[in-house]
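Residue-level structure breakdown
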Amino acid sequence: MVKIEPFEVEQWMDKYEVTPGVLNIAETCAASISIDDIIALCEDPNVPHPINTSTKLTYGAIRGSQALRERLASLYSARVSSPLSPENILITPGAIAANFLLLYTLIGPGDHVICVHPTYQQLYSVPASLGAEVSLWKLRKERNYIPDIEDLRPLIKENTKMIIINNPNNPTGSTIPKSVLQSLIDVARAQNIIILSDEVYRPLFHGISPIDPDFPPSLISMGYENTLITGSMSKAYSLAGIRLGWIASRSPSLIEEIASARDYTTISVSQLDDAVASYALSPSVLHSLLARNIQLAKTNISLLSTFISSHPQACSWVKPTGGTTALVQFKKKGEVVDDVAFCKDLIAKTKVMFVPASKCFGEEFRGYVRMGFVCDTAVLRGGLERLGTYVEEELA
């Protein structure tokens, strides 16, 4: 394995999120909930408690419980002619493990990988560490950070094995429309290229309606077998603490290849985590949980939008349409700030925490910060009040 690059965003989070009194507007999960909270969201009082305390704590189902995989399969089978089999889903300890496992299994020296950028660093640094050549498919502000298929075509090579997307996108909050996803499939199918779609923020859409003809379906629902998707309970479902994610594909051969490699990294996920996830995805809980988080996202993005509109000389953005993150540029007297110094000074003086984009996503994002705005509304409101004072005192 080639030496892997430091995981900048995770190291920044690790260092600063423990700051005493921090107002964390860098966190990318929808505001976390407890087991008591998900029980309160349950619409059927006859549903048993998510944890059966009499269950023996063996390894449990190796690939994930049947109940959990059936519930996930049902989510990916909505409005499609061919339902997804539960056997085409592998449960993992979070989406970060899902992504690493499938990249470790499928990518190696001599392969070429194309990855959207900016995105979560794991998606391009891990392939590079495995010896693959990596090309970045750049998202541009003038296109609202929606990938351009014409930018993709010249990146493709004879040895291109995988194209990686993240939808909705971290850090921009952009969503890839259905028409662009279809064009991507057409390009990949012509050379039998695998597409990995990291859908960890799905289905948290707050700026595009499901009735919009370009509303993005999961890529696994679009008829291309050579597709892998990853997901998690952490972001859209507010349950990062149970460490549960998954890999799904229409290709039994891809799933079996990954499952074989999985034996070296994961015997099974915790039965307790599996049980809580199964409960949260049950019909009695799922809809109220997602309604809670989508409404939280809509409420909070309205607050953030008002703040940015109120400080046009200091900050600007492309308003997100999905997920929990936003990429915001800050300026002082017309010049972009040093975002690393800005974030350090801000947390020191106000306890408000952001992620500096140049450090965590690339130098071309100097002056930008990533915000995670689907925290508790009181946290966002308090953070924006302090940020407003800082902007008036330090950036005017």
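A short tour of the structure in this document, coming up. (Residues numbered from 1 in each chain as written. Predicted model: local features only at pLDDT ≥ 70, side-chain atom pairs only at ≥ 80, totals over all residues. Heavy atoms only, no water.)

1. Some thoughts on the overall build of the protein chain
Inclusion rule: Under the DSSP-based scheme used, a helix requires at least four consecutive residues in state H or I and a strand at least two consecutive residues in state E, with every element numbered from the N terminus. We compute the radius of gyration over the C-alpha atoms and compare it with the globule rule, which gives 2.2 Å times the number of residues raised to the power 0.38. For every accessible area listed, the method is Shrake-Rupley and the probe measures 1.4 Å; residues are considered covered only by the protein chains on display. Neither His nor the chain ends is counted toward charge; the positive residues are Lys and Arg and the negative residues Asp and Glu. Charge positions are represented by NZ for Lys, CZ for Arg, CG for Asp and CD for Glu.
Scanning the protein chain from terminus to terminus reveals 13 helices and 14 strands. Taking 2.2 N^0.38 as the reference for a compact globule, 396 residues should give roughly 21 Å; the C-alpha atoms of the protein chain span a radius of gyration of 21 Å, in line with that estimate. Summed over all atoms, the accessible surface of the protein chain reaches about 16,500 Å², with 52% contributed by carbon and sulfur. Considering the protein chain, the positive charge centre built from 35 side chains and the negative charge centre built from 41 side chains are found 2 Å apart.

2. Considering helix H11 (residues 339–350)
Rules: Under the convention used throughout, the expected extent of a helix is 1.5 Å for every residue step, that is, one less than its residue count. Each residue gets one of three labels from its accessible area relative to the maximum for its type: buried under 20%, exposed over 50%, partly exposed in between, using a 1.4 Å probe on protein chains only. This arc corresponds to the set of directions leading from the helix axis out to the C-beta atoms. Nitrogen and oxygen atoms within 3.5 Å of one another constitute a polar contact, given that in protein one can donate a hydrogen and the other can accept it, and given that sequence-neighbouring residues count only through two side-chain atoms.
When the terminal C-alpha atoms of H11 are compared, their 16 Å separation across 12 residues agrees well with the 16 Å that a helix rising 1.5 Å per residue should span. Among the residues making up H11, those that are buried are Asp339, Phe342, Cys343, Leu346, Ile347 and Thr350. For H11, the angular spread of the buried residues around the axis is 120°, confining them to a single face. Put simply, Asp338 is the residue that caps the front of H11, since its side-chain oxygen is 3.1 Å from the backbone nitrogen of Val340. Backbone geometry just downstream of H11 places Lys351 in the positive-phi region, at approximately 70°.

3. Examining the pairing of strand S14 (residues 368–372)
We count it as follows: Two strands are counted as paired when DSSP detects at least two bridges linking them.
Counting buried positions along S14 yields 5 of 5 residues, so the element is predominantly enclosed. Judged by which residues are buried, S14 turns out to be covered on both faces: Tyr368, Arg370 and Gly372 on one side and Val369 and Met371 on the other are all buried. With 5 bridges joining them, strand S10 (residues 325–332) and S14 adopt antiparallel strand pairing. Each bridged residue has a counterpart across the sheet, and for Leu327 the counterpart in S14 is Arg370. Summarising the sheet, strand S13 (residues 355–356) and S14 pair through 2 bridges and their orientation is antiparallel.

4. Some thoughts on the pattern of salt bridges
Inclusion rule: What makes a salt bridge here is a side-chain nitrogen of Lys or Arg within 4 Å of a carboxyl oxygen of Asp or Glu, nothing more.
Scanning all chains against the criterion turns up 12 salt bridges. Residues Lys359 and Glu8 are paired through a salt bridge, measuring 3.5 Å at the closest nitrogen-oxygen approach. Within this pair, whereas Lys359 is found in helix H12 (residues 357–361), its partner Glu8 is found in helix H1 (residues 8–16), the two being separated by 351 residues in sequence. Two residues, Asp148 and Arg140, come together in a salt bridge whose shortest N-O distance is 3.2 Å. Taken together, the shared-partner salt bridges connect Arg140, Glu142, Arg143, Asp148 and Asp151 into one network.

5. Notes on the packing of aromatic side chains
The test is simple: Only Phe, Tyr and Trp rings are paired, with Trp represented by its six-membered ring, and only when their centres lie within 6.5 Å; those with planes under 30 degrees apart are stacked, over 60 edge-to-face, the remainder tilted.
Applying the stated criterion to the full structure yields 8 aromatic pairs. On the numbers, 4.9 Å between centres and 65° between planes, the contact of Phe205 with Phe215 is edge-to-face. Taken together, the positions of Phe205 in the loop between strand S6 (194–198) and strand S7 (227–232) and Phe215 in the loop between S6 and S7 put the pair 10 residues apart, joining distant regions of the chain. Three or more aromatic residues joined by ring pairs make a cluster, and in this case those are Phe330, Phe342, Phe354 and Tyr390.

6. As for a nonpolar patch on the surface
Applicable threshold: Two distance rules govern patches: like charges are joined within 9 Å, and nonpolar side chains (Val, Leu, Ile, Met, Phe, Trp, Tyr) within 5 Å, applied only to residues with over 30% relative accessible area and no salt bridge.
Residues Tyr59, Ile62 and Ile267 make up a contiguous nonpolar surface patch of roughly 310 Å² in combined accessible area. As for its position among the elements, Ile267 is in the loop between helix H8 (252–262) and helix H9 (271–280). Residue class for Ile267 comes out partly exposed when judged on its relative accessible area of 42%.

7. A word on the sheet that holds strand S8 (residues 245–249)
Condition: Lines fitted to C-alpha atoms define the axes here, with helix axes fitted over just the stretch in contact, and angles between the N-to-C directions of these axes take values from 0 to 180 degrees. Two residues form a contact once any of their heavy atoms are found within 4.5 Å.
Taking strand neighbours across the sheet as the criterion, the 7 strands line up as S2-S8-S7-S6-S5-S3-S4 in an open arrangement whose pairing is mixed. Two strands in the sheet have a free side with no partner beyond their single neighbour: strand S2 (89–92) and strand S4 (133–138). With strand direction ignored, the average angle separating the axes of adjacent strands in the sheet is 20°. Pairing geometry for strand S3 (residues 112–117) and S4, over 6 bridges, is parallel. Bridged to Val116 within S4 is Trp137. Across the sheet, helix H3 (residues 66–77) touches S2, S7 and S8, and the angle it forms with S2 is around 120°.

8. Quick word on the environment of Ser179
With respect to the helices and strands, the residue Ser179 is situated in helix H7 (residues 178–190). Here the alpha-carbon distance between Ser179 and Phe215, two residues 36 residues apart in the chain, equals 8.9 Å.

9. Observations concerning the side chain of Ser174
As for its placement among the helices and strands, Ser174 is situated in the loop between strand S5 (160–166) and H7. Judged by its relative accessible area of 6%, Ser174 falls in the buried class. Among the polar contacts made by the side chain of Ser174, one reaches the side chain of Thr172 at a distance of 2.9 Å. Those residues in contact with Ser174, other than ones at most four positions away along the chain, are Asn144, Tyr145, Asn167, Pro168, Asn169 and Thr321.

10. What to know about the environment of Val337
Structurally, Val337 can be placed in the loop between strand S11 (335–336) and H11. In sequence terms Val337 and Tyr368 are 31 residues apart; their C-alpha atoms lie 8.1 Å from each other. Dropping the residues within four chain positions of it, Val337 is found in contact with Phe330, Lys331, Lys332, Phe342, Arg366, Gly367 and Leu395.

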